[in-house]
Structure formats: structure tokens, C-alpha cells
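Structural description and commentary
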Amino acid sequence: MSNDAREQTGSNDQRRAMVMGAFAAAALPVAASTIATPDEGLTAGEITLDVNGFALPVYRAMPGRSQGKGKRPVVLLVSEIFGVHEHIADVARRFARAGYLCLAPELFVRQGNAKAQPDIPTLVREVISKVPDAQVLADLDACAAWATKNGGDPKKLAVTGFCYGGRTTWLYAAHNPAVKAGVAWYGRLVGTSSALTPRHPIDVVSQLKAPVLGLYAGDDPGIPNNTVAQMQNALAASPNPAARHSDFVLYRNAKHGFHADYRPMYDEAAAKDGWARCLAWFKRHGVA
């Protein structure tokens, strides 16, 4: 596998204009609460990784050269089903401002353009339902390998993600033994197995290589509280140390997507608390 990358041409302003153009269409209207993290002082923008001959777009953000040299802790950031729109890029810049090399890959592009779909049911049917978990895990492996060669510390690797990315966080923490910690934001925990999605988080408890912090919403019909309890029980009952050191925070009054500051379900208190817990979790488990 080749993990070489090339910088995309164009300024950060052009990049931002491009993602913002897709942002509103793919991810619902931009709200007054939307956070904008500047890229001044950062190295930020899209790169392309060659993954077995496929050009994988990845949004990369990290502290700039003026902030010193040395290996940076690495965060792999897995998006919602909408792909890497401006909110995900902004979260990557937030991690960069916290000292991390953050990589957010466009995991769905082989199957289609997530940002071009007219509505969520069409997006799920035409793109997301066709994405194999094995492909996603391999792309994240490629990102981790690239980071090691490009300023990242291979001994300080974390993974986090939202919704689709939350589910993937659990799977990747069970897949890659180099991962030190994961933070899953409201990702589905149980489900029906299929050829493309053979296992779900509840199925990989015993294989977890790193502890995962689950940040979940109490008012989330799509991820009922009883499935959170089911996962908590499975973790507590497992002899696996990583499982037993995993944890959950349930924000009782929050709705699914509470961290998404561009959407109506944004919950500022839960989002800020979750972000602080995320950074603390990484530090606690030796990533920072």
C-alpha cells in the first residue's frame, strides 16, 4: 500500500468556499451558533493519499511550523454520513489548536458524492449503504500510516467521530492495536449484520484494543437508551481491560447530533462538556 500524499492546489479561502458550498446543502442550514475556527497559525487544507491506487481526499489540520517541531499526537476524525463538510473541517482545526495532527478522510467517495444527495434517505440508499466497513477501516489505517511519516507520533494515536463516525470509532478501536483511546459521539451500538457491515460495536467488545468514551444523547430515538445500557453491561462484563476501562456519558436532555453546532439539535452545554471530556480522555490515556 502506498500512503504518499500530495497537497491540493488552491488557497485555504478557496477550500473553505468549496466546502461551505456543499455544507449547507448536505448538512442542513447553517445556524447562528455555528463555530468558525480560523486556520491562522495552522497547517490546514486538503491532501490526497494514494491508497492502493485510489486518490483518497483527506482534510488535514495540525499546528504550524511556528509552533515548534517534534512529533504530534494524532487524531483520526470520522465524519457523519454527510462527509467532510465545513463543520468536520472546523473540528479538525479545533484539534490542531489543541496540539494534534488531525486527519479527516472522505470515506464515502468511492461509492458517491455524499454532499450532492438531495435528502438523507437518498444519501443512505445511494451512498452510505454501499460503503463496506472493511474499506473504512483500511482507509483509516492508511491515514494512520501517513501520519507516522508526516509529523505524527505513532505511539499517540486516537480516533473519534460523530454518528456514523461514532460507530466507526468503536470498530476502529477494536481493529488497530496502535490506537490508545477513542471517543464515540452518539454512534449506533447494535444492528443487523450484513456482508458490508458484519459487526457492530456490541459485537467487538472483547476485541477492543483501547478504551472508548461514549458521549450519547438521552433523547435519541435512533439510539435508544436501552441499547446504551446493553453496551454498558457488555463492557462491564468483559474480561478485556480496554472494555472495562471504557465509559459512557449520557446527556439526558440532549438530542442526537448535539455537538453539531450548525444544526437545530445543537446543545451548547452538552457539546462543550463533551469536548472537554474528549480532550481529557485522550490526555488520560496517553495520547496528548
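Residues numbered from 1 in each chain as written. Predicted model: local features only at pLDDT ≥ 70, side-chain atom pairs only at ≥ 80, totals over all residues. Heavy atoms only, no water.

1. Remarks on the overall build of the chain
If you tally the helices and strands in the chain, you get eight helices and nine strands. For the chain, buried positions account for 54% of its 288 residues. Put simply, of all contacts in the chain between residues at least 6 apart along the chain, 76% involve residues at least 24 apart. (Helix = DSSP H or I, 4+ residues; strand = E, 2+ residues; numbered from the N terminus. Buried < 20%, exposed > 50% of the residue type's maximum accessible area, 1.4 Å probe, protein only. Contact = heavy atoms within 4.5 Å.)

2. What to know about the confidence of the model for the chain
Looking at the chain as a whole, the pLDDT averages 90, with 88% of positions reaching at least 70. Every residue in residues 1-29 is under pLDDT 50, and counting partners more than four places away or in other chains gives 59 contacts. (pLDDT = per-residue confidence, 0-100.)

3. Digging into helix α4 (residues 133-149)
The end-to-end C-alpha distance of α4, which contains 17 residues, comes to 25 Å, matching closely the 24 Å that a straight helix rising 1.5 Å per residue would cover. Inspection of α4 places Asp133, Gln135, Val136, Leu137, Asp139, Leu140, Ala142, Cys143, Ala144, Trp146 and Ala147 among the buried residues, and these make up the whole buried set. Remark: Gly151 follows α4 within two positions and exhibits a positive phi of approximately 100°. (Expected span 1.5 Å × (residues − 1).)

4. So, the pairing of strand β2 (residues 42-51)
In terms of residue burial, β2 counts as a mostly covered element, since eight of its 10 residues are buried. Pairing of β2 with strand β3 (residues 54-63), which is carried by 10 bridges, proceeds in the antiparallel orientation. Looking at the pairing, Gly45 lines up with Arg60 of β3. (Pairing = 2+ DSSP bridges.)

5. Considering helix α8 (residues 268-284)
Its 17 residues give α8 an end-to-end C-alpha distance of 24 Å, which sits within 8% of 24 Å, the value for a rise of 1.5 Å per residue. Once α8 finishes, Gly286 follows within two positions and takes phi at roughly 80°, a positive value.

6. Points about the environment of Leu208
Looking at the secondary structure, you find Leu208 in the loop between β7 (179-185) and β8 (212-219). Contact partners of Leu208, with chain neighbours within four places excluded, come to Trp170, Ala173, Ala174, Leu235, Asn240, Ala242, Ala243 and Ser246.

7. Brief notes about the pattern of salt bridges
Here the structure, examined in full by the defined rule, presents 13 salt bridges. The salt bridge partner of Arg110 is Asp139, with a shortest N-O separation of 2.6 Å. With a gap of 29 residues between them, Arg110 in the loop between β5 (101-105) and α3 (120-126) and Asp139 in helix α4 connect regions that are remote in the sequence. Taking relative accessible area as the criterion, Arg110 reaches 29% and is therefore assigned partly exposed. A relative accessible area of 1% means that Asp139 is categorised as buried. (Salt bridge = Lys/Arg side-chain N within 4 Å of Asp/Glu carboxyl O.)

8. Considering the packing of helix α2 (residues 86-97) against α8
To characterise two packed helices, one gives the angle between the axes of the helices and the distance between these axes. Between α2 and α8, the least distance of the axes is 12 Å, while the angle of their chain directions is 50°. Regarding the angle of α2 to α8, the classification is oblique. The interaxial crossing formed by α2 with α8 has right-handed handedness. For the pair formed by α2 and α8, the contact residues are Val91, Arg94 and Phe95 on the first element and Trp275, Cys278, Leu279 and Phe282 on the second. Broken down by class, the residue content of the contact of α2 with α8 amounts to six nonpolar, no polar and one charged. (Axes fitted to C-alpha atoms, helices over the stretch in contact; angles between N-to-C directions. Parallel < 35°, antiparallel > 145°, perpendicular 65-115°, else oblique. Left-handed = near helix turned anticlockwise from the far one by under 90°. Nonpolar A, V, L, I, M, F, W, Y, C, P; charged D, E, K, R; others polar.)

9. Some details on the environment of Val159
In this fold, Val159 is placed in strand β6 (residues 152-162). C-alpha separation for the pair Val159 and Tyr172, spaced 13 residues apart in sequence, amounts to 7.5 Å. Leaving out residues up to four positions away in the same chain, Val159 has contacts with Leu76, Val78, Thr169, Tyr172, Val179, Ala181, Gly182, Val183 and Phe282.

10. Section: the packing of aromatic side chains
In this structure the tally under the stated criterion is 12 aromatic pairs. Ring centres of Tyr216 and Phe248 lie 5.2 Å apart, and the angle between their planes is 50°; this geometry places the pair in the tilted category. Within this pair, whereas Tyr216 is found in strand β8, its partner Phe248 is found in strand β9 (residues 247-255), the two being separated by 32 residues in sequence. For the pair shown, Tyr216 and Phe248 are each scored as buried. Among the aromatic residues, those joined into a cluster by ring pairs are Phe162, Trp185, Tyr186, Tyr251 and Phe258. (Phe/Tyr/Trp six-rings, centres within 6.5 Å; stacked < 30°, edge-to-face > 60°.)

11. Details of unusual backbone geometry
If you check the backbone angles, Asn52 has positive phi at about 50° while not being a glycine. In this structure, Asn52 sits in the loop between β2 and β3. Even without being a glycine, Tyr186 presents a positive backbone phi close to 40°. Among the structural elements, Tyr186 can be located in the loop between β7 and β8. Taking the relative accessible area as the measure of exposure, Tyr186 reaches 1% and is therefore buried.

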